[in-house]
Structure formats: structure tokens, C-alpha cells
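# Architecture at a glance
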Amino acid sequence: MDEKAILNRISEFIAEEHALRDAHERAETGGAETRQRLRDLEVALDQCWDLLRQRRARIEAGQNPDEAQVRPASEVEDYRQ
């Protein structure tokens, strides 16, 4: 997945997250399914941002950015900001 594709995925995930949060605020959605989907989106976004950072770091280091890989959720969720 190249940088453009990653950024497109990020945009799609953010749009879905905003739509779910807006619907939840208007009491159109609720419950465990919505909360789980929001959590899944947060994890997917973290993975996409991590992949993008990996690709950019590889480019800066003169390495092949296509060797960057999506890391498991358990790994990216444990990062400290």
C-alpha cells in the first residue's frame, strides 16, 4: 500500500468515525455494536498512521518503503504518545 492509498484509508476511517459519533450524539445509534466499531476504527487508524510513519522513516533512511508492514493492534496500541 503506497502513501496515497494509506492516506485515503485514513480519510475513509475518519469520515466513518465522525458519522458514527454524530449519529450517536443524535441518539440515532447506540449500544455495544457502535462502541465496538468506534474502537475498531481507532485501532485501524493507529495502524494506518504507524504504517505511514514507517514508510516515511524508510524513505528518509534510504530504504524501500514497500517493506513497511502493518503492525498488530496489540503493538500499536501500546505506544506512548
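Here goes a summary of the coordinates provided. (Residues numbered from 1 in each chain as written. Predicted model: local features only at pLDDT ≥ 70, side-chain atom pairs only at ≥ 80, totals over all residues. Heavy atoms only, no water.)

## Thoughts on the overall build of the protein
In terms of helices and strands, the protein carries three helices and zero strands. Ordered by position from N to C terminus, the α and β elements of the protein give α-α-α. For 81 residues, the compact-globule formula gives about 12 Å, and the C-alpha radius of gyration of the protein, at 15 Å, lies well above that figure. For the protein, the spread of C-alpha atoms along the three principal axes comes to 50 × 25 × 20 Å. By the burial criterion, 27% of the 81 residues in the protein qualify as buried. Carbon and sulfur atoms form 47% of the exposed surface of the protein, whose accessible area is close to 5800 Å². The distance from the centre of the 13 positive side-chain charges to the centre of the 19 negative ones in the protein is 2 Å. (Helix = DSSP H or I, 4+ residues; strand = E, 2+ residues; numbered from the N terminus. Rg over C-alpha atoms; globule rule 2.2 N^0.38 Å. Buried < 20%, exposed > 50% of the residue type's maximum accessible area, 1.4 Å probe, protein only. Areas by Shrake-Rupley, 256 points an atom, 1.4 Å probe, with all protein chains shown as cover. Lys, Arg positive; Asp, Glu negative; His and termini not counted. Charge placed at Lys NZ, Arg CZ, Asp CG, Glu CD.)

## Topic: the nonpolar core
Residues Ile6, Ile10, Phe13, Leu20, Leu38, Leu41, Ala44, Leu45, Cys48, Leu51, Leu52 and Ala68 constitute the largest nonpolar core, which totals 12 residues. Residue assignment for this core shows that the elements contributing at least two residues are α1 (3–25) and α2 (31–60). Filtering out sequence-adjacent residues up to four positions away, leucine 52 remains in contact with Glu3, Ile6, Leu7 and Ile10. (Core = buried A, V, L, I, M, F, W, Y, C linked by side-chain atoms within 4.5 Å. Contact = heavy atoms within 4.5 Å.)

## With respect to the pattern of salt bridges
Going through the model one piece at a time under the given rule, you end up with nine salt bridges. Here glutamate 17 and arginine 21 are joined by a salt bridge, their closest N and O atoms 3.1 Å apart. One end of the pair, glutamate 17, and the other, arginine 21, are both in helix α1, four residues apart, so they sit about a helical turn from each other. We classify glutamate 17 as buried; its relative accessible area is 12%. A residue is classified by how much of its surface remains accessible, and arginine 21, at 33% relative accessible area, is partly exposed. (Salt bridge = Lys/Arg side-chain N within 4 Å of Asp/Glu carboxyl O.)

## Topic: α2
Compared with an ideal rise of 1.5 Å per residue, which puts 30 residues at 44 Å, α2 spans 44 Å between its outermost C-alpha atoms and is within 8% of the ideal. One or two positions beyond α2, positive phi appears at glycine 62, with a value near 75°. (Expected span 1.5 Å × (residues − 1).)

## Topic: α1
With 23 residues, α1 extends 33 Å between its outermost C-alpha atoms, agreeing within 8% with the 33 Å of an ideal straight helix rising 1.5 Å per residue. In this fold, the buried residues of α1 make contact with α2. Phi turns positive, to about 60°, at alanine 27, one or two residues after α1.

## Section: the environment of histidine 24
Checked against the element boundaries, histidine 24 lands in helix α1. When its relative accessible area of 42% is taken as the criterion, histidine 24 is described as partly exposed. In sequence terms histidine 24 and arginine 71 are 47 residues apart; their C-alpha atoms lie 30 Å from each other.

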